[in-house]
Amino acid sequence: MMTMTYKTILTEIEGNIAIIRLNRPKALNALSHELMGELVEALNEFDRDDKIRVIILTGSDRAFAAGADIKEMADENTVSIMLKDQFATWDRVRHTKKPIIAAVAGYALGGGCELAMTCDIIIAAESAQFGQPEISIGVIPGAGGTQRLTRAVGKYKAMEMILTGRPITAGEALRAGLVNKVVANEVLLDEAKALAEEIAKKSPIAVRLAKEAILKVFDTSISEGLEFERKNFYMLFSSEDQKEGMKAFIEKRPAAFTGR
């Protein structure tokens, strides 16, 4: 196991899986500029490491992330906050090539909910609460909440959540299609690791191109998306993993993928 040192996050590596834990306990993991910068730095590092195949992002038992750091924003004006371009950091999270699993316990509110939705899969503990309460402090979601939440739960549920600011429970999030699975708090990380290990056994090249193709759904028409998917499908027939995967299937044995 290897660790890297940061001020506001903790990182570790277990086999082919990297784990990033948000670590501002006194602020319920509020997403300060420093934390977001360190998160992006860690994601970039793991994205470049060929040994890492899946990334897990988690917080504490009390909070995945309770939102943005309001103290950093309270005195901003339109020009100053625009010039800071803080959402460029969020775009870098979104462009991580390897799959990210969010393991969410406790509060995932505001920016915390948006950060979870930026990930590719969400596993929720029974204690998890998801919400976009920005309306209660006179603003609206700014890191993708109006867009990703609506795509996940539909117009009517998103309207209710965003216009009232009320959070929903893990069970409600599951029924609404916001999360993949709800598990007991004490097994949250174990469940995320088990899923990550399953994905890590697959061809890294195929996983990367599959993620790209799925995300393309949100940026293109169906015809453009199908063309993108098809090109990625054809591209994989130049990989050693494709040859190994199909040969292993025919020979009725587990495939040994190398990422080439």
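These numbers were taken from a predicted model, which means no experiment stands behind them.

Conventions and cut-offs
- Residues numbered from 1 in each chain as written.
- Predicted model: local features only at pLDDT ≥ 70, side-chain atom pairs only at ≥ 80, totals over all residues.
- Heavy atoms only, no water.
- Salt bridge = Lys/Arg side-chain N within 4 Å of Asp/Glu carboxyl O.
- Helix = DSSP H or I, 4+ residues; strand = E, 2+ residues; numbered from the N terminus.
- Buried < 20%, exposed > 50% of the residue type's maximum accessible area, 1.4 Å probe, protein only.
- Core = buried A, V, L, I, M, F, W, Y, C linked by side-chain atoms within 4.5 Å.
- Contact = heavy atoms within 4.5 Å.
- 1 Å grid on protein atoms, 1.4 Å probe; cavity = no way out; pocket = protein on both sides within 12 Å on 5 of 7 lines; lining within 4 Å.
- Points joined across faces, edges and corners; volume = space filled by probe spheres on them.
- Nonpolar A, V, L, I, M, F, W, Y, C, P; charged D, E, K, R; others polar.
- Pairing = 2+ DSSP bridges.

1. Description of the pattern of salt bridges
Link 1 in the chain: A full pass over the atoms with the stated rule returns eleven salt bridges.
Link 2 in the chain: As a salt-bridge pair, Arg-48 and Glu-45 come within 3.1 Å of each other at their nearest N and O atoms. Within this pair, Arg-48 and its partner Glu-45 are both found in helix α1 (residues 33-48), separated by three residues, close to a single helical turn.
Link 3 in the chain: Judged by its relative accessible area of 58%, Arg-48 is exposed.
Link 4 in the chain: Among the residues examined, Glu-45 registers a relative accessible area of 36% and is labelled partly exposed.
Link 5 in the chain: Here Lys-181 and Glu-191 are joined by a salt bridge, their closest N and O atoms 2.9 Å apart. Here Lys-181 is found in strand β10 (residues 181-183), whereas its partner Glu-191 is found in helix α9 (residues 188-200), with ten residues between them in sequence.
Link 6 in the chain: A cluster of three or more residues bridged by salt bridges with shared partners is formed by Lys-157, Glu-160 and Arg-166.

2. Details of the nonpolar core
One broad rule of soluble globular proteins: the nonpolar side chains tend to lie buried together.
Link 1 in the chain: Ranked by internal contacts, the top residues of the largest apolar core, which has 45 residues, are Ile-20, Leu-57, Phe-64, Val-104, Leu-115, Phe-130 and Leu-178.
Link 2 in the chain: Setting aside residues up to four positions removed in sequence, Leu-57 forms contacts with Ile-20, Leu-22, Leu-39, Phe-64, Ile-100, Ile-101, Ala-102, Ala-103, Leu-115 and Cys-119.

3. Considerations on the layout of surface pockets
Link 1 in the chain: Each pocket or cavity is described by its volume, and for the largest pocket that value is around 1100 Å³.
Link 2 in the chain: When residues of the lining of the largest pocket are assigned to their parent elements, the largest contribution, seven residues, is made by helix α10 (residues 204-216).
Link 3 in the chain: Here the lining of the largest pocket is composed, by residue class, of 15 nonpolar, seven polar and ten charged.
Link 4 in the chain: Volume-wise, the second largest pocket comes out at about 760 Å³.
Link 5 in the chain: For the lining of the second largest pocket, the elements supplying multiple residues, two or more each, are α1, α2 (70-73), α3 (78-84), α4 (87-94) and α5 (111-118).

4. What to know about the pairing of strand β7 (residues 121-125)
Link 1 in the chain: Most of β7 is tucked away, with five of its five residues classed as buried.
Link 2 in the chain: In β7, alternate side chains face the same way, and those of Ile-121, Ile-123 and Ala-125 on one face and Ile-122 and Ala-124 on the other are all buried.
Link 3 in the chain: In terms of strand pairing, strand β5 (residues 100-104) meets β7 through four bridges, oriented parallel. Bridging from a neighbouring strand, Val-104 pairs with Ala-124 of β7.
Link 4 in the chain: Bridge analysis of β7 against β10 gives three bridges, and the strand direction is parallel. Bridging from a neighbouring strand, Ala-124 pairs with Val-182 of β10.

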